[in-house]
Every structure is written in C-alpha cells, then in structure tokens.
Amino acid sequence: MKVSLIGVGQAGGNVTERLARFDADMGFGAVQGALAVNSAEADLQSLQFVDTQLIGADRVNGHGVGADNELGTEVMQSDIQQVLNSLDGRVSSKSEAIFVVAGLGGGTGSGGAPVLVHHLQQIYDVPVYALGVLPGRNEGALYQANAGRSLKTLLREADSTLLIDNDSWHEQGESVEGAFDTINEKIAKRVGLLFASGEAVEGVGESVVDSSEVINTLRAGGVAALGYATEIASEDSSENITTTMTVSRQALLTGTSLPDATEADSALLVIAGDPDAIPRKGVEKARHWLEDETGSMQVRGGDFPLDSDRLGALVLLGGAERSDRIQRFMDRAREAKKEQETESTDHAEQLTDDRLENLF
Ligand code: GDP
C-alpha cells in the first residue's frame, strides 16, 4: 500500500522517521513521502529522514506547547495552510492512503492531529487514517485526559484510528520513556510490513495480499489494532501448518498493539515468509480460527512473499473499539478528567471542557 505519512508532535515525528527509514532500508517503496510537523523546533532538528514543518512560531517561538493540547489544536488551526502547502509533492497521485501519526497524550500531536485529519479529509480522496500512540498506564492524569479527548475527535474525523498502546511493545522492566526507541522500532517493523503488503511482491500469485485488502479491513472505521509474531519455519511446508497456527494465535493474543483487543468487525491475516514454506492448509485453518476468535464474518487473508527463514503472522483488526482495553483506557481518561476538574479552580474552563463525558 503506497502511503504518505505526516507525524505531528514528538512521538509523531519519531515514529514517522522510523517508518520512513524501515521502508527505505527494506527497499519496499511503500512510503511516498513523509513530513514531521511540530511546535517544538528542537524535536524537529533531531529528525534526519523526513521533511519538517514548524508551526505556532508566533505563539510559542519554537519552544513547543508543553502538554497543553488545546494550544496544540490552536497552533495547528492557525498554521494549517502552511502544513498543507508543505504536503505538496509528498502526497502523490500514487498515494493510496494518508496516515497522520501522533502521540495522543501530549500537546502538539494530541491537539493538532485531529485538526489536520479533518482538513486532509476535505482535500484528498484517499482514506485518511490516524496512527495514535496511547500513553502508558503510569503516565500522568493529564496525559490520560488529553489522549481521551484526542481519541474521541480522531474517531469522528479519521477513516480508522490504528492504536498502539505504549505499554504493549516494550520489554519488561523498562520504563516507558527509556523504551521509546524499542517501541518505535517495533511500530516501524509491524506497521511498515503492513504498508509493504502488496508492494514488495515477487512471483505474484492469487494468494498474495494487496493494498485493497488492507483498505477494506480498515473500512470498518473506529479503532484498529495490529498484531505480529514470527517463528522459525521448516523447509517442508506441511510441517509449517502448526507453526502458522501458532504465529497467528500469538499475533492476536500476545503480540497486539492493543492488548486484549480480540473482538472486531473485520480482520486481515497476512502470512509472511518464503512462498514455498507457506502451507495453504495452515493458512485456511488460521483464518477460520481468527473468524471464531474475533466474531467477525469479514476475515480476509493473503500471503506476503519474503525471502526469510521465518514465518510471520500479521493480524490487522478493524472496528475493535469494543475491546476491554479501550473501555479501561476510557475509564482512566474519565477518571483523569475528574481529577483535573477537582484541582481546577477555573469554572469557565470546566464548562468548556466536558467533552469526555459521553465518550461512547
Ligand atoms: P507532543 O510533542 O506535544 O505532541 O507530545 P509527545 O509526542 O511527547 O506526546 C506525549 C505522549 O507520547 C506520551 O504519552 C509519551 O509517552 C509519548 N511519546 C513521546 N515520544 C514518544 C516516542 O518517541 N515513541 C513513543 N512510542 N511514544 C512517545
């Protein structure tokens, strides 16, 4: 799937840069263009592989908006034309989708990404998706409340919102901050492979996945989640039937970007590996298992031929917002908002800020 990426804020820029680099290193050619937008100049300066656009210079002079996501919204709104102009040539006629990437707990990305998605939807015919990073459980109340508010708007504006929980892909014992590098690398690999599905195809066959299957899976809207797992493959494909089931199970049950998200409106199962090692029977079995597990009648599937001694399963879920994890996150966001209200003495602000009350 040919994509254009726009990262907003620090997490958005870092993840976008990683994605662009992974795609280039692997020679997939799925990423058509990548732009990082931020109100903090220093964060943009640390990026090397993407183009950059500073916003809000007249308001915050390149120093960022802190974790004030309302200010993040305002600076994106004021400078939206500049951002859209910078996209010239980065969203090409070949782009099949646009992804706006952001950490939802901070300021610039949290407040700015929904505004940007809204404007992109007016201009481009291709789907506009959000790739949102949820704050970990131990991040402060302000981050939870910001993320709740940002997610609510993204769900309304984006064609689908792929969520990555910052608690899900870091090693045990690592603090979330210390783990950003690890998490970003994992996001780049998994999401990068999803983009590349239908791109790096050698020996095109009927069973090979193509971009329309990704787009059709995301058509369910709402929240999307992505899971991934791999195992060493045997040279004999019949021995790989069990391996295909194992990696598919692991991808959904333990390797997902949103822990516990298994119920979904739609799903896509991509089996990656050497075409000779991929067992048709195993793929069919895994697809049926995925239908049972997600409760969805819309489970698509396909192969991703790769020169590798491993078999990998990539599971994309669409319409996964009924998951326990999302419900727990929303409870946390509501709780955080209440805490903020108790602390706040500014009644006018409370009145304008009751958007979390009816999240779902
Ligand atoms: P902004 O620059 O104002 O948009 O704020 P950030 O991007 O720093 O957003 C804060 C949220 O993103 C917090 O939940 C952080 O844990 C998370 N975050 C910040 N940088 C990164 C990163 O490089 N990777 C990941 N996975 N999360 C990040």
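If you look the chain up in an unreviewed UniProt entry, it shows as Tubulin-like protein CetZ from Natrinema versiforme JCM 10478. Listed in UniProt under the heading Function (unreviewed entry), the comment for the chain reads: "Involved in cell shape control." Quoted verbatim from the Subcellular location (unreviewed entry) field of the UniProt record, the comment on the chain reads "Cytoplasm".

**Some words on the overall build of the chain**
Assigned secondary structure in the chain consists of 13 helices and 10 strands. In terms of C-alpha radius of gyration, the chain reaches 20 Å, essentially the compact-globule figure of 21 Å for 360 residues. Across the 360 residues in the chain, those meeting the buried criterion constitute 53%. Of the contacts formed within the chain by residues at least 6 apart in sequence, a portion of 80% connects residues at least 24 apart.

**Topic: the confidence of the model for the chain**
Residue-level pLDDT values for the chain average 90, and 93% of them are 70 or greater. Segment residues 345-360: pLDDT under 50, and 15 contacts once partners within four positions in sequence are set aside and those in other chains are kept. The ipTM value of the predicted complex is 0.99, and its pTM value is 0.93.

**Topic: helix H9 (residues 211-218)**
Within H9, burial applies to Glu-213, Val-214, Thr-217 and Leu-218. Down the axis of H9, the smallest arc covering the buried residues is 130°, so these residues share one side.

**With respect to the sheet that holds strand E2 (residues 31-38)**
One open sheet holds the 10 strands; their spatial order is E3-E2-E1-E4-E5-E6-E7-E10-E8-E9, and the pairing between them is mixed. Since the sheet does not close on itself, it has two edges, and those belong to strand E3 (51-54) and strand E9 (298-305), each with one partner. In this sheet, neighbouring strand axes are inclined to one another by 20° on average, regardless of whether the strands run parallel or antiparallel. Pairing of strand E7 (residues 223-232) with strand E10 (residues 310-318), which is carried by 8 bridges, proceeds in the antiparallel orientation. Residue pairing for E10: Ala-229 is matched across the bridge by Ala-313. The strands touched by H9 within the sheet are strand E4 (97-103), strand E5 (128-134), strand E6 (160-165), E7, strand E8 (266-273), E9 and E10, with E8 carrying the most contacts at an inclination of about 150°.

**Observations regarding the site of the ligand**
The full set close to the ligand counts 21 residues, and Gly-9, Gly-103, Gly-105, Gly-106 and Gly-109 are the nearest of them. Elements supplying a minimum of two residues to the shell around the ligand: helix H1 (9-26), helix H6 (108-123) and helix H8 (180-196). When residues in the shell around the ligand are grouped by element, the largest group, 5 residues, is from H1. Its residues assigned to classes, the shell around the ligand comprises 8 nonpolar, 12 polar and 1 charged.

**Description of the environment of Ala-225**
The residue Ala-225 is located in strand E7 in this model. Taking the C-beta count within 10 Å as the criterion, Ala-225 has 29 such neighbours and is therefore assigned buried. With 34 residues separating them in the primary sequence, Ala-225 and Pro-259 have C-alpha atoms 9.0 Å apart. The residues touching Ala-225, leaving out its near neighbours within four places in the chain, are Leu-163, Thr-256, Ser-257, Leu-258, Ala-261, Leu-317 and Ala-320.

**Section: the UniProt feature "binding site: GTP" (unreviewed entry) in the chain**
UniProt records the feature "binding site: GTP" (unreviewed entry) at Gln-10, Ala-11, Gly-12, Gly-13, Asn-14, Gly-107, Thr-108, Gly-109, Glu-139, Asn-166 and Asn-184, using the numbering of this structure. For Gly-12, the location among the structural elements is in helix H1. When the 32 C-beta atoms within 10 Å are taken as the criterion, Gly-12 is described as buried. Setting aside residues no more than four positions away along its own chain, Gly-12 makes contact with Gly-7, Ala-36, Val-101, Ala-102, Gly-103, Gly-109 and Ala-113.

**A word on the packing of H1 against H8**
It is the contact of H1 with H8, at a shortest axis distance of 8 Å, that shows an interaxial angle of 55°. Taken together, the axis directions place H1 and H8 in an arrangement best described as oblique. Taken as a pair, H1 and H8 cross one another with a handedness that is right-handed. Counted together, Asn-14, Val-15, Arg-18, Leu-19, Phe-22, Asp-23 and Met-26 of H1 and Phe-180, Asn-184, Glu-185, Ile-187, Ala-188, Lys-189, Val-191, Gly-192, Phe-195 and Ala-196 of H8 form the full contact between these two elements. Per-class residue counts for the contact of H1 with H8 are 10 nonpolar, 3 polar and 4 charged.

**As for the nonpolar core**
In this structure, Val-100, Leu-116, Leu-269, Leu-314, Val-315 and Leu-316 are the most contacted members of the largest nonpolar core, which totals 105 residues. It is H8 that contributes the most residues to this core, 8 residues altogether. Split by domain, this core shows at least three residues from each of two domains, domain 1 (3-196) and domain 2 (226-318). Beyond its immediate stretch of four places on either side in the chain, Leu-116 contacts Ile-6, Val-8, Met-76, Val-83 and Val-100.

**A few points about the environment of Pro-135**
With respect to the helices and strands, the residue Pro-135 is situated in the loop between E5 and helix H7 (141-157). Sequence separation between Pro-135 and Ala-145 is 10 residues; the distance between their C-alpha atoms is 9.9 Å. Not counting residues within four places of it along the chain, the set of residues in contact with Pro-135 comprises Gly-105, Tyr-143, Gln-144, Ala-147 and Asn-166.

Cut-offs used in this document
- Residues numbered from 1 in each chain as written.
- Predicted model: local features only at pLDDT ≥ 70, side-chain atom pairs only at ≥ 80, totals over all residues.
- UniProt positions renumbered as here; feature names shortened; annotations may be inferred.
- Helix = DSSP H or I, 4+ residues; strand = E, 2+ residues; numbered from the N terminus.
- Rg over C-alpha atoms; globule rule 2.2 N^0.38 Å.
- Buried ≥ 20, exposed ≤ 12 C-beta atoms within 10 Å, placed from the backbone.
- Contact = placed C-beta atoms within 7 Å.
- pLDDT = per-residue confidence, 0-100.
- Arc of directions from axis to C-beta.
- Pairing = 2+ DSSP bridges.
- Axes fitted to C-alpha atoms, helices over the stretch in contact; angles between N-to-C directions.
- Near = placed C-beta within 6 Å.
- Nonpolar A, V, L, I, M, F, W, Y, C, P; charged D, E, K, R; others polar.
- Parallel < 35°, antiparallel > 145°, perpendicular 65-115°, else oblique.
- Left-handed = near helix turned anticlockwise from the far one by under 90°.
- Core = buried A, V, L, I, M, F, W, Y, C linked by C-beta atoms within 7 Å.
- Domains from an automatic or database assignment.

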